[in-house]
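# Summary of the model geometry
Spelled out from the first residue to the last, the chains are:
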Amino acid sequence: MRLLKHPVFFGCLLFLATAAGASSLPAESGNGVAGPAPIVGSGDQSADGPLRLTLRDALQLAIARNASLRSAYLGRVLDRANLDLAERTFQPRSSVSLEAREDRSAGLNGTRTRTASVAPGASMALPTGAQASLNWRVERVLQSSAPDGTEDSTSEVTLDIRQPLLRGGGLEIGRAPVERAHLNEERNVLVLESQVTSTLAQVIQSYRTLILENQRVELAELALERSRQNLETRSELVDRGRLSAADLAPARESLARQELQREQTLERRDQAELELVRLIGLEPGTTVEPEDTIDIRSVQALHSDAPSLDQALDIAMEQRPELRQSLVTQQLAALDRTLAEDANRWQLDLSASVEVRGDAPSTTRAIEQGFEESPGHTVGLQLSIPWGDRPARQQRLGTARVEQRQARLSTEELRTSIRIEVQRNLNALESRWDQLRLAEQSLELARQSVAVEQEKLGVGRSSGFEVESVERDLREAEQSLLDAAINYQNARTDLDRVMGVVLERWELAIPQPTS
């Protein structure tokens, strides 16, 4: 059998059929999102004890369990599936048609003919905008009642190619659907990164708020204990006759106020714990105990080096997900404008078709004859001039141009906003550090004042009102130092968020969709 006399047709058919069959293989099942690495560290929970978490443990749990983030991860699976589908744009598609038919002509003496055919075919889009199709049809007459009817076979192979030369032609236009899919995928990744960064910043502040409230509870307990001791001391001095009974009133009032403040502090601590549990995605009722603490006895240890303004701006312009998302939107707008301009062109297509055909009593012989004969061919140009829809096309082009300009302006506005945010947060970080140092000095002076007043009270040169006043100042100074320490660390987190380095700061990664 001399099928290789025209190898171009046989080779094209073999390539398209094989590639199309491969592209139709089932994909791996179990689409999902790859979860983060298991949490390791000191975070654990006994049967009846609290869940002990470091801040990094809390962030890892939030990435894995936060409800809004888990919903976003599911959306990423769909986004990835859409990208995989778009990347198959230039893969061949195949089909096979089977047909069995019986024909009977009209009239009393109508003839009856039974035929069967098989028609495999494949088509493929090319990056240049061209469309290629290869079709092979083999038909066999099984039975015919016509006087001159014969049982014969027909084999026909056709290769068609249509290449746009103006509208729809070229690599830029042909690859536009794939390019758009990749840009949308990049934008979706950046949207998720922005959402994760925002959620982690909330978790960090909520975790530190819980630390703050826990230490406020400790300070309230210490203040309450000091009030009790002060009341006992004054009661002893009254018994000795060195103080009047009226001097006990301030101490009793202070004790009652400290008990009230302790209860209020416990309530705020419970609220902070519930908020952290919600953000992390833990079961309601879980008790969380932060392992990280803020040691206000060593303020210098809390200090961290801040980048310069130029360094911070460079990092923000490169890392900030919102800015990168804006740049991708700008690319999409440019692609839309290119497609709108292409839609205004005339349509000029180059078409070519090659056909080989064979007829013989035997199906095998018909196929052989088709490849032995010289093929027929058709080549032509087709020009199509759009008419009547020019206003709509011009409107589309005008809209694309405006949207592209809006995207550019939005990017520039975002750059300006980021510059302002970075400078503002750097100034805030420096200011918070100065406030922290001043709060430390204020606490030391308050401690000295309390010690002096206690000595004066012991020798009868001070009153209970004056001692209570300086002790109240001491409690306020302790609280101010703790607030200043939390504010300083939150200011550093705000700067990391503005620069877009929260994930890098805590060495975390976003789960990737798997298929």
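Keep in mind the model is a prediction, meaning the values are calculated, not measured. (Residues numbered from 1 in each chain as written. Predicted model: local features only at pLDDT ≥ 70, side-chain atom pairs only at ≥ 80, totals over all residues. Heavy atoms only, no water.)

This part covers helix α2 (residues 55-65). Most of α2 is tucked away: 8 of the 11 residues are buried. Looking at the buried positions of α2, the neighbouring elements they touch are β2 (51-53), α3 (67-87), α5 (176-240) and α6 (248-280). (Buried < 20%, exposed > 50% of the residue type's maximum accessible area, 1.4 Å probe, protein only. Helix = DSSP H or I, 4+ residues; strand = E, 2+ residues; numbered from the N terminus. Contact = heavy atoms within 4.5 Å.)

Here we come to empty space enclosed by the protein. In this structure the tally under the stated criterion is 1 cavity of 30 Å³ or more. Of the volumes computed, that of the largest cavity is approximately 30 Å³. Along the lines of polarity and charge, the residues of the lining of the largest cavity split into 5 nonpolar, 1 polar and 1 charged. (1 Å grid on protein atoms, 1.4 Å probe; cavity = no way out; pocket = protein on both sides within 12 Å on 5 of 7 lines; lining within 4 Å. Points joined across faces, edges and corners; volume = space filled by probe spheres on them. Nonpolar A, V, L, I, M, F, W, Y, C, P; charged D, E, K, R; others polar.)

Two elements in contact, α5 and α6, have axes whose closest approach is 8 Å; the angle formed by their N-to-C orientations is 165°. Relative to α6, the element α5 is oriented roughly antiparallel. With respect to the hand of their crossing, α5 and α6 are arranged in left-handed fashion. Each residue belonging to the contact of α5 with α6 can be placed in one class, and the counts come to 17 nonpolar, 10 polar and 12 charged. (Axes fitted to C-alpha atoms, helices over the stretch in contact; angles between N-to-C directions. Parallel < 35°, antiparallel > 145°, perpendicular 65-115°, else oblique. Left-handed = near helix turned anticlockwise from the far one by under 90°.)

Right, let's talk about the layout of surface pockets for a bit. Considering only enclosed or pocket space, the largest pocket measures out at about 440 Å³ in volume. Lining the largest pocket are 23 residues; nearest its centre among them are Ile 211, Asn 214, Gln 215, Glu 218 and Thr 293. Only α5, α6, β7 (288-290) and α11 (464-499) provide two or more residues apiece to the lining of the largest pocket. With 7 residues, α5 is the largest single contributor of residues to the lining of the largest pocket. By residue class, the composition of the lining of the largest pocket is 10 nonpolar, 4 polar and 9 charged.

Structurally, Arg 216 can be placed in helix α5. A sequence separation of 262 residues divides Arg 216 from Glu 478, and the C-alpha atoms of the two residues are 9.2 Å apart. Discounting residues that sit within four places of it in the chain, Arg 216 has contacts with Thr 265, Arg 268, Gln 479, Leu 482 and Asp 483.

Okay, a negative patch on the surface next. A cluster of acidic residues, Glu 225, Glu 232, Glu 236 and Asp 239, forms a negative patch at the surface. Relative to the elements of secondary structure, Asp 239 occurs in helix α5. (Patch = residues over 30% accessible without salt bridge, like charges linked within 9 Å, V, L, I, M, F, W, Y side chains within 5 Å. Areas by Shrake-Rupley, 256 points an atom, 1.4 Å probe, with all protein chains shown as cover. Salt bridge = Lys/Arg side-chain N within 4 Å of Asp/Glu carboxyl O. Lys, Arg positive; Asp, Glu negative; His and termini not counted. Charge placed at Lys NZ, Arg CZ, Asp CG, Glu CD.)

Moving on, we get to a nonpolar patch on the surface. Taken together, the side chains of Leu 165, Leu 166, Trp 346, Leu 350, Val 379, Leu 381, Leu 383, Ile 385 and Trp 387 present a nonpolar region at the surface, about 990 Å² in accessible area. The element that contributes the greatest number of residues to the nonpolar patch is strand β9 (residues 376-384), accounting for 3 residues. Considering the arrangement of structural elements, one finds Leu 166 in the loop between β6 (153-164) and α4 (171-174). With relative accessibility at 35%, the residue Leu 166 sits in the partly exposed group.

Let us look at α6. Relative to the 48 Å expected for 33 residues at 1.5 Å per residue, α6 spans 48 Å between its end C-alpha atoms, a close match to the ideal helical length. Positive backbone phi, approximately 95°, marks Gly 281, located one or two places after α6. (Expected span 1.5 Å × (residues − 1).)

All right, on to the packing of aromatic side chains then. Any pair of aromatic rings gets described here by the distance separating the centres and the angle formed by the planes. Throughout the structure, instances matching the rule amount to 1 aromatic pair. Between Trp 433 and Tyr 488, the aromatic rings sit 5.4 Å apart at their centres with planes inclined by 50°, giving tilted as the arrangement. Placement of Trp 433 in helix α10 (residues 390-458) and of Tyr 488 in helix α11 is noted, with a sequence separation of 55 residues between them. The class of Trp 433 is buried, set by a relative accessible area of 13%. (Phe/Tyr/Trp six-rings, centres within 6.5 Å; stacked < 30°, edge-to-face > 60°.)

Looking now at the nonpolar core. Core analysis: the biggest nonpolar cluster contains 64 residues, and Val 196, Leu 200, Val 422 and Leu 436 have the highest contact counts within it. Looking at this core, the element that brings in the most residues is α11, giving 13 residues. (Core = buried A, V, L, I, M, F, W, Y, C linked by side-chain atoms within 4.5 Å.)

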